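# Geometric and topological summary
So the chains spell out like this:
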Amino acid sequence: MSHAYHRQLVFTVKDKCRVCYTCVRECPVKAIKIIKTQAEVINERCIGCGNCVKVCSQGAKYPLRSVDEVNLLLKSEKRIAACIAPSFPAEFTEVPDHQLLVGMIRQLGFDYVAEVSFGADMIAREYEKRIKTSRNVGQISSDCPAIVYFIRHYHPELVENLAPVASPMLAMTRIMKKKYGKDLQVVFIGPCFAKKAETEEVDEVLTFRELREMFETRGINWESSDPSDFDPPVSGKGAIFPISRGLYFTANSTESIPEEQVVVAEGRVNFKEAVKEFEEGFIRNKHLMLLCCEGCIMGPGTSPGGKRFARSAAVGEYVTRKLASIDKDQWEKQVEEFSSLDYSQEFTPEDRRFEIPAEDKILEALHAMGKFKPEDHLNCGTCGYDTCVEHAIAIVKDLAETEMCLPYTIEKLHDSINNLNVSNDKLAKAKQALKQSEKLAHMGQLSAGIAHELNNPLGVITMYSNILIDESPENDPVREDLRLIAEQAERCKKIVSGLLNFARKNQVNLSETDVVKFARHSVDSIIKPANIEVVFEPRISDPQARLDIDQMMQVMTNLEKNAVEAMPEGGKLTIGVEGDAEELRFIVADTGTGISKDHMDKIFTPFFTTKEMGKGTGLGLALIYGIVKMHKGKIHVDSNDDRANGPTGTTFTITLPRT
Ligand code: ADP
Ligand code: MG
């Protein structure tokens with residue numbers, strides 16, 4: 001008997017997986033790897049319980065198939081026996097009588113059709129003997145192949161506690177080969193595909209679903225079946241085996257096994273818990289009767305959607321009918337006949353546990369999921385793992401991914417949404433700024449045109465009025481009028497040159513300068529009332545930069561003048577110089593009245609002023625705009641004019657590129 005015998009039982013269909021993690025959660029040994037958002041069964045870790053196949057709504061996993069092999073066998077010259085598991089009444093509920101099913105199986109070409117429940121009868125006697133004779137040493141039932149795999153791979157220290165007893169399937173195979181000859185080929189048909197990897201002594205294993213498939217392809221149904229009975233040996237109480245607590249009922253045929261000596265646990269959560277408690281010593285002297293499914297009637301090789309209690313009832317009814325008509329003498333004779341057969345089965349440990357990763361690696365994986373404190377461990381189980389630590393271990397072992405953590409993924413999603421909102425805001429602001437600069441560009445064009453056209457006639461007016469002044473006699477009353485004309489013409493010229501500055505057809509004339517000295521010097525040329533405090537804040541490591549000193553001086557003085565004018569009651573004027581290798585920033589901040597929201601997008605427009613007639617021209621910021629644009633720089637304004645929102649004031653930041 002080879003125990004290295006391990007066929008791949010479950011296969012994965014790529015791309016069908018929609019990553020619900022249900023299979024990860026349902027897999028009792030976490031033999032499922034999530035890579036690139038696809039679930040994949042790892043054969044080395046799999047115990048063949050079939051849970052993943054049962055729960056996958058996408059059909060992304062399928063079990064090992066044996067239909068082709070069985071068909072080949074049936075075509076051969078060999079004598080072949082079908083041994084059908086005792087759970088068949090639960091599966092073939094539509095077939096009115098078991099004799100019709102037997103007829104259908106014979107129609108497929110099987111030479112014999114026997115019930116595995118006679119094997120169950122025989123091994124139940126073995127269990128009964130063992131339980132009665134070893135009262136203080138607990139043991140674990142070995143009839144469920146998934147449980148056997150689980151113990152051998154994940155609790156190898158407990159292999160010595162596995163009952164060294166053959167499964168009903170194996171027992172029945174030995175019985176059939178004894179009765180019908182060594183060369184008989186045995187095909188087991190049952191509810192479980194883990195059976196396909198249980199032993200090489202059984203020639204082939206089919207699931208009920210595969211048997212149905214064979215009936216369908218051959219067009220075999222019960223309506224046209226020729227009814228016949230099972231071939232001997234005929235079974236007894238063993239037929240009750242596949243239902244919940246079946247092994248206990250069968251083994252306890254003489255009612256000699258007290259209930260408290262036995263622990264029955266079924267289903268993926270319960271069996272693991274029972275093994276854990278057994279290992280920890282709490283139930284060490286008990287006899288554990290374990291099944292991976294909730295009774296074999298719900299096995300993964302049965303048709304999907306079966307009703308558990310209806311199936312159980314179907315088996316019960318079949319057993320009742322069977323026992324009512326059983327020929328007790330014949331049965332006992334058979335038991336006698338096969339009682340000397342070897343029903344033993346050896347199990348060897350085969351450790352497949354992985355090493356727990358180092359603490360720091362686990363912590364690293366936890367941190368990557370934003371889990372730093374114990375409160376961050378929600379242990380919600382959405383990822384498929386019971387705890388965040390188990391998930392982290394699986395990540396370190398390359399079995400799982402960080403994104404499987406739902407709370408983490410939701411948080412990341414929220415972050416993305418926030419970032420998106422911020423980008424949206426920025427985009428809206430940029431759009432607004434673009435509109436504003438387009439408007440200003442149009443105005444610039446218009447202003448430049450007007451200014452250019454007016455420049456020449458104004459020059460003529462100035463020149464001729466001055467000539468006339470020079471030529472008129474000293475006390476001529478006209479002289480005063482002429483002076484007024486010349487003066488107003490001069491004023492017009494200033495306005496026109498302001499407009500030209502805004503349109504900035506002029507060139508920049510860059511020269512190397514110390515920007516800190518430059519900024520400090522800019523304050524010297526403005527008139528500062530005594531109630532205004534001037535603060536200078538240079539914060540720059542490399543003050544050498546290239547700029548058009550004359551033009552930038554106009555920028556600074558205009559900003560400073562505006563600031564002073566905004567603080568009629570006094571206040572603080574702060575001049576800052578900042579920058580790095582890339583850019584240079586001049587900051588002019590005041591604690592003045594601030595700019596109202598309505599005015600904000602107008603302040604750069606030529607002639608916009610809120611100042612009284614004669615005081616403001618509304619050309620200062622327009623000029624600044626033109627100059628900064630020529631320097632390929634940016635202007636940023638921050639202002640608050642509402643006391644309710646904190647101290648009022650305005651900060652202008654001029655950013656210029658270094659190169
Ligand atoms: P002017 O100073 O001739 O009015 P500007 O173009 O320099 O023209 O400024 C336009 C308008 O912008 C000002 O009238 C004022 O309303 C507003 N403004 C500019 N700077 C400030 C400031 N530091 N504080 C408050 N308002 C300001
Ligand atoms: Mg001004």
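### A closer look at helix α21 (residues 620-630)
When you tally the buried positions in α21, you get nine out of eleven residues, the bulk of the element. Every buried residue of α21 is listed here: G620, L621, A622, L623, I624, Y625, G626, I627 and V628. Check the buried side of α21 and you find it contacts α16 (406-471), α17 (478-503), α19 (549-565), β17 (634-640) and β18 (649-657). Where α21 ends, the next residue or the one after it, K632, has phi of about 60°, a positive value.

### Quick notes on the side chain of T402
The residue T402 is located in the loop between α15 (388-396) and α16 in this model. You can call T402 buried: its relative accessible area is 18%. In contact with T402, other than residues within four places in its own chain, are A368, M369, H391, I395 and Y408.

### Focus: a negative patch on the surface
A cluster of acidic residues, D598, D601, D641 and D642, forms a negative patch at the surface. Position of D642 among the secondary structure elements: in the loop between β17 and β18. We classify D642 as partly exposed; its relative accessible area is 34%.

### Things to note about the site of ligand 1
As a matter of local geometry, ligand 1 sits amid 19 residues, with N562, T609, T610, K611 and L621 nearest to it. Interatomic distance of 2.8 Å between a side-chain N/O atom of D590 and a nitrogen atom of ligand 1. The fraction of the free accessible surface of ligand 1 (530 Å²) that becomes covered by protein chains is 93%. When residues of the shell around ligand 1 are traced back to their parent elements, those giving at least two are α19, α21 and β18. Among the residues forming the shell around ligand 1, the class breakdown is eight nonpolar, nine polar and two charged.

### Things to note about unusual backbone geometry
P232 connects to P233 through a cis peptide bond whose omega is 5°. Following the sequence through the fold, P233 ends up in the loop between α9 (208-218) and α10 (246-251). Phi is positive for K36, which is not a glycine, with a value near 45°. With respect to the helices and strands, K36 occurs in the loop between β2 (32-35) and β3 (38-41). A positive phi angle, close to 75°, is found at F607, a residue other than glycine. Relative to the elements of secondary structure, F607 occurs in the loop between α20 (597-600) and α21. By relative accessible area, which is 44% here, F607 ends up partly exposed.

### Description of the domain arrangement of the protein
The domains assigned to the protein are domain 1 (9-64), domain 2 (65-337), domain 3 (359-404), domain 4 (421-506) and domain 5 (507-659). The distance between the C-alpha centroids of domain 1 and domain 4 comes to 80 Å.

### Let's talk about a nonpolar patch on the surface
Where nonpolar side chains cluster on the molecular surface, the patch consists of V460, M463, Y464 and I467 and spans about 360 Å² of accessible area. Residue position: V460 is located in helix α16. Overall, V460 belongs to the partly exposed group, its relative accessible area being 42%.

### Some details on the pattern of salt bridges
Going through the model one piece at a time under the given rule, you end up with 30 salt bridges. Notably, a salt bridge pairs R268 with E26, separated by 2.9 Å at the nearest N-O pair. Of this pair, R268 sits in helix α11 (residues 268-280) while E26 sits in helix α1 (residues 22-26), and the two are 242 residues apart along the sequence. Residue classification places R268 among the partly exposed residues on the basis of a relative accessible area of 24%. With its nearest N and O atoms 3.0 Å apart, the salt bridge here joins D203 to K177. Here D203 is found in the loop between β8 (185-190) and β9 (204-207), whereas its partner K177 is found in helix α8 (residues 168-180), with 26 residues between them in sequence.

### Quick look at the packing of helix α3 (residues 67-75) against α9
One way to put it is that α3 packs onto α9 with a least axis distance of 11 Å and a crossing angle of 60°. By the angle class used here, α3 and α9 are oblique. The crossing of α3 and α9 is right-handed. Seen from α3, the contacting residues are V67, V70, N71 and L74; seen from α9, they are E210, E213 and M214. The residue inventory of the contact of α3 with α9, partitioned by class, reads four nonpolar, one polar and two charged.

### As for the side chain of K30
Checked against the element boundaries, K30 lands in the loop between α1 and β2. Within the buried set, K30 has no salt-bridge partner at all; the shortest N-O distance to an opposite charge, 5.4 Å, is to D386. When sequence neighbours within four positions are dropped, the list of residues in contact with K30 reads V24, R25, R45, G384, Y385 and L399.

Thresholds applied
Residues numbered from 1 in each chain as written. Chains lettered and ligands numbered in written order. Predicted model: local features only at pLDDT ≥ 70, side-chain atom pairs only at ≥ 80, totals over all residues. Heavy atoms only, no water. Buried < 20%, exposed > 50% of the residue type's maximum accessible area, 1.4 Å probe, protein only. Helix = DSSP H or I, 4+ residues; strand = E, 2+ residues; numbered from the N terminus. Contact = heavy atoms within 4.5 Å. Patch = residues over 30% accessible without salt bridge, like charges linked within 9 Å, V, L, I, M, F, W, Y side chains within 5 Å. Areas by Shrake-Rupley, 256 points an atom, 1.4 Å probe, with all protein chains shown as cover. Salt bridge = Lys/Arg side-chain N within 4 Å of Asp/Glu carboxyl O. Lys, Arg positive; Asp, Glu negative; His and termini not counted. Charge placed at Lys NZ, Arg CZ, Asp CG, Glu CD. Near = heavy atom within 4 Å. Polar contact = N/O pair within 3.5 Å; in protein donor to acceptor, adjacent residues only side chain to side chain. Nonpolar A, V, L, I, M, F, W, Y, C, P; charged D, E, K, R; others polar. Domains from an automatic or database assignment. Axes fitted to C-alpha atoms, helices over the stretch in contact; angles between N-to-C directions. Parallel < 35°, antiparallel > 145°, perpendicular 65-115°, else oblique. Left-handed = near helix turned anticlockwise from the far one by under 90°.

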